[in-house]
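In case you want the letters, here they are:
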Amino acid sequence: MCAFISHFRGLNYQIMKFRNFKMVSYVVYGRGSFNQLDEILALQRKGDAPMIFLVDHFFEGKALPNRIPLRGMDKIIYADVTHEPKTKQVDALALALKEEFGTVSGIIGIGGGSTMDLAKAVSLMMTNPGSSADYQGWDLVQQAGVYKVGIPTLSGTGAEVSRTTVLTGPVRKLGMNSDFTTFDQIVLDPELIKYAPTNQRFYTGMDCYIHCIESLQGTYLNEFSKSYGDKALQLCRDVFLGNKQWTEEHDEKLMMASYAGGMSIAYSQVGVAHAVSYGLSYLLGTKHGIGNCIVMNHIEEYYPEGVAEFKRMVAENNIDIPQGICSGLSEEEFEKMINVSIGMKPLWENALGKDWEQIMTREKLRALYEKL
Ligand code: NAD
Ligand code: ZN
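Structure report, in brief. Treat the numbers as computed from the prediction; the structure is a model and nothing was measured.

Let's shift gears to the site of ligand 1. Looking at ligand 1, there are 27 residues lining it, with Asp56, Gly113, Ser114, Ser162 and Thr204 nearest. Between ligand 1 and Ser114, the relevant distance is 2.6 Å, taken from an oxygen atom to a side-chain nitrogen or oxygen of the residue. With respect to ligand 1, the side chain of Thr153 contributes an N or O atom lying 2.8 Å from a nitrogen atom. Relative to its free-state accessible area of 860 Å², ligand 1 is covered by the protein chains to the extent of 92%. Elements with a contribution of two residues or more to the shell around ligand 1: helix H3 (113-125) and helix H4 (198-216).

Looking at the metal site, the zinc ion (ligand 2) is ligated by Asp207 (OD), His211 (NE2), His274 (NE2) and His288 (NE2), spaced 2.1 to 2.3 Å from it. Around the zinc ion (ligand 2) sit four donor atoms; with metal-centred angles ranging over 87 to 172°, the donor geometry is irregular. Expressed as a motif, the donor residue spacing for the zinc ion (ligand 2) is D-x3-H-x62-H-x13-H. With Asp207 in helix H4 and His288 in helix H8 (residues 288-296), the pair connects residues that are 81 residues apart, well separated along the chain. For Asp207, a relative accessible area of 1% puts it in the buried group.

A few words now on the packing of aromatic side chains. Considering all chains together, one arrives at eight aromatic pairs under this definition. Look at Phe21 and Tyr267: their rings are 5.2 Å apart centre to centre, the planes differ by 85°, and that puts the pair in the edge-to-face class. You can see Phe21 sitting in the loop between strand S2 (11-17) and strand S3 (26-29) and its partner Tyr267 sitting in the loop between helix H6 (248-266) and helix H7 (272-284), a full 246 residues away along the chain. For the residue pair Phe21 and Tyr267, the accessibility class agrees, reading buried in each case. With centroids separated by 5.3 Å and ring planes inclined at 80°, the aromatic side chains of Phe202 and Phe240 adopt a geometry described as edge-to-face. Here Phe202 is found in helix H4, whereas its partner Phe240 is found in helix H5 (residues 223-240), with 38 residues between them in sequence.

You can see His211 is positioned in helix H4. For His211, a relative accessible area of 8% corresponds to the buried category. In this structure His211 touches Gly156, Thr157, Ile265, Val270, His274 and His288, once residues within four positions along its chain are discounted.

Take the nonpolar core next. Membership of the largest hydrophobic core comes to 92 residues, with the highest contact counts inside it found for Tyr209, Ile299, Trp348 and Tyr369. Per element, the largest residue contribution to this core is nine residues, and it comes from H4. Excluding its chain neighbours within four sequence positions, the residues that come into contact with Tyr369 are Ala275, Val276, Gly279, Leu280, Cys326, Phe334, Met337, Ile338 and Ser341. Ranked by size, the runner-up nonpolar core spans 18 residues in total, among them Ile40, Phe53, Val55 and Tyr147.

Conventions and cut-offs
- By convention here, each chain's residues receive numbers from 1 onward along its written sequence.
- All chains are assigned letters beginning with A, and all ligands numbers beginning with 1, in the order in which they are written.
- Local features in this predicted model are restricted to residues whose pLDDT is 70 or higher, and side-chain atom pairs enter the listing and the counts only when it is 80 or higher, whereas totals over whole chains, interfaces and linings include all residues.
- Hydrogens and waters are ignored; side-chain quantities use all the structure's heavy atoms.
- One heavy atom suffices: a residue is near a molecule or strand as soon as one of its heavy atoms comes within 4 Å of it.
- Polar contact is defined as a pair of N or O atoms within 3.5 Å, subject to the rule that within protein one atom must be able to donate a hydrogen and the other to accept it, and that residues adjacent in sequence are counted only when both atoms are side-chain atoms.
- Exposure was quantified through the Shrake-Rupley algorithm and a 1.4 Å probe, taking into account, for residues, occlusion by the shown protein chains and nothing else.
- Counting from the N terminus, the helices are DSSP H or I runs at least four residues long and the strands are E runs at least two residues long.
- Distances up to 2.8 Å from the metal define which N, O and S atoms are donors, and 3.2 Å serves for Na, K and Ca; water is absent from the atom set, so sites may look incomplete.
- Square planar and octahedral assignments, for four and six donors respectively, both demand that opposite donors be over 155 degrees apart and that all other angles lie between 65 and 115; tetrahedral needs four donors with all angles between 85 and 135 degrees, and anything else is irregular.
- Each residue is assigned to one of three classes by its accessible area relative to the maximum for its type, calculated with a 1.4 Å probe on protein chains only: buried under 20%, partly exposed between the two thresholds, exposed over 50%.
- Under the pairing criterion, centres of Phe, Tyr and Trp rings, with the six-membered ring standing for Trp, must be within 6.5 Å; the plane angle then separates stacked pairs below 30 degrees from edge-to-face pairs above 60, leaving the rest tilted.
- We call two residues contacting when some pair of their heavy atoms lies within 4.5 Å.
- In plain words, nonpolar cores are sets of buried Ala, Val, Leu, Ile, Met, Phe, Trp, Tyr and Cys residues tied together by side-chain atoms within 4.5 Å.

If you want it as structure tokens, here you go:
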């Protein structure tokens, strides 16, 4: 959002420029809604062009792929998400599809944040020339991609609703942020997250919790963002506090927390945990959810109440948060992480205000990385 002064008939008045953002076009929510996929896709099929199901490799050999409504030349591709998505992985997938089919009716991503991001990016690269690395940034994508659907099997990132797809490229880890990036359809079926392992569910769920803490305390906050953020935060508390047995209701709440958290971020920004965690991810390949948790454990100076509550959640859910991951790094490696982190200007500004550079100096950031 930015404000500027306009001169009109001698009067000075302030005009605010508000973000006009694209949202997901269709949402289906409900236990078992995955079974409606055939019907949903039928309306989007373009002649013989196939639907491509990009499925998290965790599901290979499991029951879920047997429920995918394959028609004609439709194809399942298992996405290797051992590492977070890379631009070259996206480019290779899109190229292979163009070579095999020319064009496709749609890309359906079924998996965690990594698979959903891959699906969004591959959809865009079916129609945009060059490499996905050319589009890392804001509003660089020029053409709508092919029809795309997101079906989360982990909840917390908010990737199902966001207008970005986070990719690691040759020079940077940055999203393809654009109005064309948002999914055309999402299928929110809480049954699909049921078997997520406890640690992974926690790390991804904490992505949502941390988004909420960072945006609700941020300087970019407005009532739109706060309303969704408050709700997401309350749902995270319901899910991760109170030492209850995990039930279907927890899956349902966590899935809606992720949705609301993603909606909150659409109009605000993340903060210190994310800015620092991006450095870890770039240098050490630390995955997003766990990286955020590693940082959150040490930033009570910025989010005292949030960090205290986070620690209670860690203890109650018996989660291990790795320690000492930066011990033994060289001077040069610390510099690299600091450069990546300091480069996340909007995150710092959201967290610490316009004068953030006076508060978060390179020395201070270095000391924080040493603690991780
Ligand atoms: P993930 O997609 O990286 O998956 C983590 C692990 O869980 C993988 O090994 C995967 O195979 C496995 N997995 C997925 N579903 C499972 C299930 N139901 N049961 C068991 N295992 C399962 O994890 P994530 O935390 O959902 O996503 C992290 C990614 O999301 C990062 O790449 C991050 O950059 C991205 N992200 C994107 C946005 C966005 O707005 N686009 C926002 C936040 C994070
Ligand atoms: Zn995040």
